[in-house]
Amino acid sequence: MSVPIVLAGHGRLPSGVGEAAEMILGPQSRLKVCELSPHDSPEEFGVRLLTLLGGATEALVLADLHGGSPFNAVRALAAVHPRLQLVSGLNLPMLLEVLLHTTDDVTELAGVARAAGRDGVVDVLESTW
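Not measured: the values here are computed from a predicted model.

*Asks:* What exactly am I supposed to notice about the side chain of Q85 here?
*Replies:* Mapped onto the elements, Q85 comes out in strand β4 (residues 84-88). We classify Q85 as buried; its relative accessible area is 19%. If near-sequence neighbours (up to four positions away) are discounted, Q85 is found in contact with A59, L60, V61, V106, T107 and A110.

Rendered as structure tokens:
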């Protein structure tokens, strides 16, 4: 079974990143989106995220902003659900690498997300290509 990938964040940002990834790679059945609206509480957000996961025993959550409400809600859930991995700094290169990676090890996927997120940020004036 493939590890579910949840995009968590403020407003429509998670949907936009998810839609861009699917534009490039095609439909992704394991990709899920959980968005925080201005009227949601962090608790409501957490409940919605757990509902999205259904019976999944593990998942990788890519959050938009370290320390933001979606991140904090997922961090609280991860304290109770140890197979819930959380990486902040959601960006398109990060998501593409995670979706293309073939492992079903959620901890390894979190490492892929961290590396791809860092490597996806390039100062073009300093780039050699």
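Once the structure has been displayed, the description carries forward.
*Asks:* Would you mind showing me how to read the side chain of E35 here?
*Replies:* Looking at where E35 falls in the secondary structure, it is placed in strand β2 (residues 31-36). Polar side-chain contacts of E35 include one of 2.3 Å to the side chain of S15. E35 has contacts with G9, G11, R12, P14, S15, D40, F45 and R48, leaving out every residue within four places of it along the chain.

*Asks:* Whenever I open this one, the packing of helix α1 (residues 13-25) against helix α4 (residues 92-100) confuses me. Can you help?
*Replies:* To describe two helices that pack against each other, one gives the angle between their axes and the distance between the axes. Close contact between α1 and α4 brings their axes to 10 Å; oriented N to C, the two are set at 55°. Of the possible angle classes, the one that applies to α1 and α4 is oblique. The hand of the α1/α4 crossing is right-handed. Contact residues: α1 offers V17, G18, A20, A21, I24 and L25, while α4 offers L92, L95, L96, L99 and L100. A per-class count over the contact of α1 with α4 returns ten nonpolar, one polar and no charged.

*Asks:* Sorry, what's going on with α1 here?
*Replies:* In an α-helix, one full turn covers 3.6 residues, which means residues spaced three or four apart are oriented alike. Helix length check: α1 (13 residues) gives 18 Å between terminal C-alpha atoms against 18 Å at 1.5 Å per residue, within 8%. For α1, the set of buried residues is P14, S15, V17, G18 and A21. Angular distribution of buried residues about the axis of α1 spans 165°; they occupy a single face of the element. Residues of α1 that are exposed and angled more than 90 degrees away from the buried face: M23 and I24. Of the residues one or two after α1, G26 is the one with positive phi, at around 90°.

*Asks:* How should I be thinking about the packing of helix α2 (residues 42-53) against helix α3 (residues 69-80) in this particular structure?
*Replies:* Interaxial distance between α2 and α3 falls to 9 Å at its minimum, and their mutual angle equals 60°. Taken together, the axes of α2 and α3 are oblique relative to one another. Crossing handedness for the pair α2 and α3: right-handed. Of the residues in α3, those touching α2 at P42, F45, G46, L49 and L50 are S69, P70, A73, V74 and L77. Class assignment for the residues of the contact of α2 with α3 results in eight nonpolar, two polar and no charged.

Calculation criteria
- Each chain carries its own residue numbering, running from 1 in the direction its sequence is written.
- In keeping with the model being predicted, local features are shown solely for residues with a pLDDT of at least 70 and side-chain atom pairs are shown and tallied solely at 80 or more, while totals for entire chains, interfaces and linings include all residues.
- As a rule here, side-chain values cover all heavy atoms of the structure and leave hydrogens and water aside.
- For helices the rule is a DSSP run of H or I covering at least 4 residues; for strands it is a run of E covering at least 2, with both sets numbered from the N terminus onward.
- Each residue gets one of three labels from its accessible area relative to the maximum for its type: buried under 20%, exposed over 50%, partly exposed in between, using a 1.4 Å probe on protein chains only.
- The contact definition used throughout considers only heavy atoms, calling two residues in contact when any of these lie within 4.5 Å.
- Polar contacts, as used here, are pairs of N or O atoms within 3.5 Å; protein pairs need one atom able to donate a hydrogen and one able to accept it. Residues neighboring in sequence count only if both atoms are side-chain atoms.
- Note on method: axes are straight lines fitted to C-alpha atoms, helices fitted across the in-contact stretch only, with angles between N-to-C directions ranging 0 to 180 degrees.
- In these notes the angle categories are as follows: under 35 degrees is roughly parallel, over 145 is roughly antiparallel, 65 to 115 is roughly perpendicular, and the rest is oblique.
- Crossing chirality is assigned from the near helix's rotation relative to the far helix, an anticlockwise turn below a right angle marking it left-handed and a clockwise turn marking it right-handed.
- Charged means Asp, Glu, Lys or Arg here, nonpolar means Ala, Val, Leu, Ile, Met, Phe, Trp, Tyr, Cys or Pro, and polar covers whatever is left, Gly included.
- By this rule the span expected of a helix is its residue count minus one, scaled by 1.5 Å.
- Comment: arc refers to directions from the helix axis out to C-beta atoms.

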